[in-house]
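# Notes for the structure review
Here is how the chains run, residue by residue.
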Amino acid sequence: MNQQKYISDEQVVKRANCAVKIALEKKRAMDVPIVTYDRTTQSICIVGNDGSKTQVCGRYCHGRYSERVK
């Protein structure tokens, strides 16, 4: 009989976190800017290798359609 061994949710999360960590280290080593979401300012930022943050765009404020069309 075929028995399939599944991994637990904890192992999936650990593997995903490790994969993200490796990808970030690879980008830092190749001098590629990293795009992140800043929760405090609710904006998308590009983080350079020297640690500088450049804001790309902010959160879109949803309002009433009639107010946005004007």
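Refer to the structure above for everything that follows.
Residues numbered from 1 in each chain as written. Predicted model: local features only at pLDDT ≥ 70, side-chain atom pairs only at ≥ 80, totals over all residues. Heavy atoms only, no water.

### Focus on the pattern of salt bridges
Oppositely charged side chains can pair when the atoms bearing their charge come close. According to the stated counting rule, one finds 1 salt bridge in the structure shown. A salt bridge links Asp38 to Lys53; the nearest nitrogen and oxygen atoms lie 4.0 Å apart. With a gap of 15 residues between them, Asp38 in strand S1 (residues 34-38) and Lys53 in strand S3 (residues 53-58) connect regions that are remote in the sequence. Owing to a relative accessible area of 53%, Lys53 belongs among the exposed residues under this scheme. (Salt bridge = Lys/Arg side-chain N within 4 Å of Asp/Glu carboxyl O. Helix = DSSP H or I, 4+ residues; strand = E, 2+ residues; numbered from the N terminus. Buried < 20%, exposed > 50% of the residue type's maximum accessible area, 1.4 Å probe, protein only.)

### Here we look at the pairing of S1
Pairing of S1 with strand S2 (residues 43-47) involves 5 bridges; the strand directions are antiparallel. Looking across to S2, one finds that Ile34 is bridged to Val47. Linking S1 to S2, which pair antiparallel, is a turn of 4 residues; within it Gln42 sits at a positive phi near 50°. (Pairing = 2+ DSSP bridges.)

### Some thoughts on the side chain of Ser43
Mapping Ser43 onto the fold places it in strand S2. Its relative accessible area of 1% is what places Ser43 among the buried residues. Side chain to side chain, Ser43 and Thr41 meet in a polar contact 2.8 Å long. Setting aside chain neighbours within four positions, we find Ser43 in contact with Thr36, Tyr37, Asp38, Gln55, Cys57 and Gly58. (Polar contact = N/O pair within 3.5 Å; in protein donor to acceptor, adjacent residues only side chain to side chain. Contact = heavy atoms within 4.5 Å.)

### Details of the pairing of S3
S3 sits mainly on the outside: 0 of its 6 residues count as buried. For S2 and S3, the ladder comprises 5 bridges, and the chain directions are antiparallel. Residue pairing for S3: Val47 is matched across the bridge by Lys53. The turn linking S2 back onto S3 is made up of 5 residues, and Gly51 within it adopts a positive phi angle of 95°.

### Considering the sheet that holds S3
In space, the 3 strands of this open sheet follow the order S1-S2-S3, with antiparallel pairing throughout. Both edges of this open sheet fall to S1 and S3, since each of them pairs with a single strand only. The mean inter-strand angle of the sheet, taken between neighbouring strand axes irrespective of direction, is 30°. (Axes fitted to C-alpha atoms, helices over the stretch in contact; angles between N-to-C directions.)

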